[in-house]
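Below, each chain spelled out in residue letters.
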Amino acid sequence: MSEIALKFELDEEQKSILQTVKKICKDLIIPRAEEIDKKGEYPWDIKEVFANEGILALPIPVEYDGIGADLLTVCMVIEEIAKADMSCAMILATNCLCLFPMFHMANEEQKRQFFPKLASGEILGAVAMSEPEAGSDLANLKARAVKDGDDYIITGEKRWITNAGVADIYSFFARTSDHEKKYKGISTFIVEKDKPGFSLGRKEDKLGARGSVTGDIVLDGYRCPKSMMMGPEGEGFIAAMKSLNMERPVAASLALGVAEGALDYAIEYSKQRVQFGKPISAFQAIQFKIADMKTQVEAARLLLYTACIKAQHQTPDSTMYSSMAKAFVTDTAMKVTTEAVQILGGYGCTREYPVERMFRDAKITQIFAGTNEVQRIVISREALKD
């Protein structure tokens, strides 16, 4: 066990933030969740509420007009929103994914230029890593940035980009050299949407998280000033790996929220649904399902919160804990939502009831931010190190 203190008690500021989020979820998000999923449209109205209430400012340091919340607090907020609707929770989560490389690599001028705008909601962010042939295998990316005077000319296609076209800026990873060790040839740039050479490809019609836009972005001769490179040339892969230690708990917090939402709904349904003259919650078969679901959710919560604290402090075992949390919590979300559908029976398979949406939303959490198969490779590698 690391020497850092694993303390999960909420302070007054955290309680206040979560109370605000719970009210937004109850008053605005839950009534909109079905429509957001059905239409598959980005919930701009919810984004504006998040901006006005300071939710988008949470992960951004105070000196850049943010709130300066730690990773655990941010993940708790994402979790709470995801209980109501995962697509809405991804508004904050996706901004975080843009910010994490910037925390590690952006210089002071870049932070002062973009952080206050991200905090206020004036702009939205995204991260652009994945490509047609470089998903989990980031070192194999093909997007290329070629030096041209004081600029870089970037050409390449990014795929599976959350907030594609919605985001105004992207933490963009591109190859700047053909180093024999592929990962040493990658650099990180801030790419802006409204510039020549930036265009959108196809938009995905997804199984779940339908209110969160996912699609391709294409750079063709995009001229990026050297001032928009983050960190030294060739160190983008290091930034990506550090960012993933924080990104994976964010993905897990989305999954935990979905699992909690499905569990809560299944419990209430089981108390109301009558069969054979009594609520189905009176039957041991249902009680055992709920017992297992509750145990899995609480175990997932403790692992996630531990991973958040370790990632925040960059402990030596933070990589392993981030991967364990991502794999375990997202697998748990899939198990819990499946059982929630089973408890509702036929109704669980209809869009009239939210567990059907939660079941679909849970699946993608096992895939994005590094598939759970990749997480197990990372976990075993870390566990087997001397």
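Here, the structure is the one placed above.
Scoring rules and cut-offs
Residues numbered from 1 in each chain as written. Predicted model: local features only at pLDDT ≥ 70, side-chain atom pairs only at ≥ 80, totals over all residues. Heavy atoms only, no water. Pairing = 2+ DSSP bridges. Helix = DSSP H or I, 4+ residues; strand = E, 2+ residues; numbered from the N terminus. 1 Å grid on protein atoms, 1.4 Å probe; cavity = no way out; pocket = protein on both sides within 12 Å on 5 of 7 lines; lining within 4 Å. Points joined across faces, edges and corners; volume = space filled by probe spheres on them. Expected span 1.5 Å × (residues − 1). Contact = heavy atoms within 4.5 Å. Axes fitted to C-alpha atoms, helices over the stretch in contact; angles between N-to-C directions. Parallel < 35°, antiparallel > 145°, perpendicular 65-115°, else oblique. Left-handed = near helix turned anticlockwise from the far one by under 90°. Nonpolar A, V, L, I, M, F, W, Y, C, P; charged D, E, K, R; others polar.

**Notes on the pairing of strand S7 (residues 214-225)**
Then, number 1: Summarising the sheet, strand S3 (residues 151-162) and S7 pair through nine bridges and their orientation is antiparallel. Looking across to S7, one finds that Ile 154 is bridged to Tyr 222.
Then, number 2: Bridge analysis of strand S6 (residues 198-203) against S7 gives four bridges, and the strand direction is antiparallel. Looking across to S7, one finds that Leu 200 is bridged to Ile 217.

**Brief notes about the layout of surface pockets**
Then, number 1: Of the volumes computed, that of the largest pocket is approximately 1100 Å³.
Then, number 2: Forming the boundary of the largest pocket are 43 residues, of which Ser 130, Glu 247, Phe 368, Ala 369 and Gly 370 lie nearest the centre.
Then, number 3: Looking at the lining of the largest pocket, the elements with two or more residues in it are helix H4 (86-105), strand S1 (125-128), S3, helix H6 (236-272) and helix H10 (372-384).
Then, number 4: Here the lining of the largest pocket takes ten residues from H6, the largest share from any one element.
Then, number 5: Its boundaries defined by the atoms lining it, the second largest pocket holds a volume of some 460 Å³.

**With respect to the pairing of strand S2 (residues 144-148)**
Then, number 1: Summarising the sheet, S2 and S3 pair through five bridges and their orientation is antiparallel. Its bridge partner being in S3, Lys 147 is matched across the sheet by Tyr 152.
Then, number 2: Linking S2 to S3, which pair antiparallel, is a turn of two residues; within it Gly 149 sits at a positive phi near 65°.

**Some words on helix H7 (residues 284-313)**
Then, number 1: Helix length check: H7 (30 residues) gives 44 Å between terminal C-alpha atoms against 44 Å at 1.5 Å per residue, within 8%.
Then, number 2: Positive backbone phi, at 50°, marks Gln 314, one or two positions downstream of H7.

**Some thoughts on the side chain of Asp 216**
Then, number 1: The residue Asp 216 is located in strand S7 in this model.
Then, number 2: Beyond its immediate sequence surroundings of up to four residues, Asp 216 is in contact with Glu 157, Lys 158, Arg 159, Trp 160, Ala 164, Leu 200, Gly 201, Arg 202 and Glu 204.

**Some words on the packing of H4 against H6**
What describes two packed helices is the angle between their axes and the distance between those same axes.
Then, number 1: Two numbers describe how H4 lies on H6: the axes approach to 9 Å, and their chain directions differ by 160°. The orientation of H4 relative to H6 falls into the category roughly antiparallel. Pair H4 / H6 crosses with right-handed handedness. Contact residues: H4 offers Met 86, Ala 89, Met 90, Ala 93, Leu 97, Phe 100, Pro 101, His 104 and Met 105, while H6 offers Gly 236, Ala 239, Lys 242, Ser 243, Met 246, Glu 247, Val 250, Leu 254 and Val 258.
Then, number 2: Of the residues that constitute the contact of H4 with H6, the class distribution is 13 nonpolar, three polar and two charged.

Treat this as a map of the structure, not an account of what it does.
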